[in-house]
Amino acid sequence: ELRRLQLHRYMHKLARHGDIKHIRAVLEISHFKVDDLNWSDKKGRTPLSYACEYGMTECVAMLINSGAAYEVSDINEMSPLHYAAKADKPALINTILSHPNVNRKAILDKPDKTMRTPLHVAAFQKNEEVVKALVDFGADVHKEDLYGNRASMLASKRHRRSSQDVLQAAELAKALNIQDTAHS
């Protein structure tokens, strides 16, 4: 049991560093199972959430291909997609949300403990391309967090003008689309 625990911790470390070669070697161990791949530490974090947090795009794709649970949340109810949004890498968002094994609807607007979605998290970051990617995949721009903030409001508070522009344009487009369908 101690050896298995050490292996789990090792997988978390490998995922943080994006060490695909050694992760593959661990996955090839005959007694290592998908349950082990989804083992969470005391913070509720899995290797996939660490790979997302550290922006390890290729590692994320490999973990999902291997059966890593992409919808699992940690003790703060943050999903791997929340951590991917925090990593500020559009390619990572695209890798997750365009992966054939991923049910986008299950994770795209999934809130954390403060009711913040990955879009809210992205609004805090510097790269508006992450915000744009989430919006393009259909993230709900009107969702409010626990404090009544939409993602555009958070972008404004952090002086993320480009992200705010993307979000406000999406809000307007959605509002106009709703009005157009109501008048049809």
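Attention in this report is confined to the structure presented alongside it. (Residues numbered from 1 in each chain as written. Predicted model: local features only at pLDDT ≥ 70, side-chain atom pairs only at ≥ 80, totals over all residues. Heavy atoms only, no water.)

**With respect to helix 7 (residues 90–97)**
Among all positions in helix 7, only Leu 92, Ile 93, Thr 95, Ile 96 and Leu 97 are buried. Looking at the packing, one finds that the buried side of helix 7 touches helix 4 (47–53), helix 5 (57–65), helix 6 (80–87), helix 8 (104–107) and helix 10 (128–136). (Buried < 20%, exposed > 50% of the residue type's maximum accessible area, 1.4 Å probe, protein only. Helix = DSSP H or I, 4+ residues; strand = E, 2+ residues; numbered from the N terminus. Contact = heavy atoms within 4.5 Å.)

**Details of the packing of helix 5 against helix 7**
Interhelical geometry of helix 5 versus helix 7 gives an angle of 10° and a closest axis separation of 9 Å. Classified by the angle their axes make, helix 5 and helix 7 are roughly parallel. Residues Thr 57, Val 60, Ala 61 and Ile 64 of helix 5 form the contact with helix 7, whose participating residues are Ala 91, Leu 92, Thr 95 and Ile 96. Looking at the contact of helix 5 with helix 7, its residues break down into 6 nonpolar, 2 polar and no charged. (Axes fitted to C-alpha atoms, helices over the stretch in contact; angles between N-to-C directions. Parallel < 35°, antiparallel > 145°, perpendicular 65-115°, else oblique. Nonpolar A, V, L, I, M, F, W, Y, C, P; charged D, E, K, R; others polar.)

**What to know about the state of the cysteines**
Under the criterion given, the structure shown has 0 disulfides. Cysteine Cys 52 is unpaired, with the sulfur of Cys 59 as its nearest cysteine sulfur at 8.9 Å. (Disulfide = S-S within 2.5 Å.)

**What to know about the nonpolar core**
Core analysis: the largest hydrophobic core is formed by 48 residues, its most contacted members being Leu 63, Leu 81, Ile 93, Ile 96, Leu 119, Leu 134 and Leu 167. Among residues more than four places away in sequence, those in contact with Leu 81 are Ile 93, Ile 96, Leu 97, Ile 107, Leu 108, Pro 118 and Leu 134. (Core = buried A, V, L, I, M, F, W, Y, C linked by side-chain atoms within 4.5 Å.)

**Re the environment of Leu 48**
Tracing the backbone shows Leu 48 in helix 4. Distance in space between the C-alpha atoms of Leu 48 and His 12 is 8.2 Å, their sequence separation being 36 residues. Once you skip the residues sitting within four places of it in the chain, Leu 48 turns out to touch Val 60, Leu 63, Ile 64, Ala 68, Ala 69, Tyr 70 and Pro 80.

**So, the packing of helix 6 against helix 7**
For the pair helix 6 and helix 7, interaxial distance at closest approach is 8 Å and the crossing angle is 155°. Comparing the axis directions of helix 6 and helix 7 gives the class roughly antiparallel. Pair helix 6 / helix 7 crosses with left-handed handedness. In this structure, helix 6 contributes Leu 81, Ala 84, Ala 85 and Ala 87 to the contact, and helix 7 contributes Leu 92, Ile 93, Ile 96 and Leu 97. (Left-handed = near helix turned anticlockwise from the far one by under 90°.)

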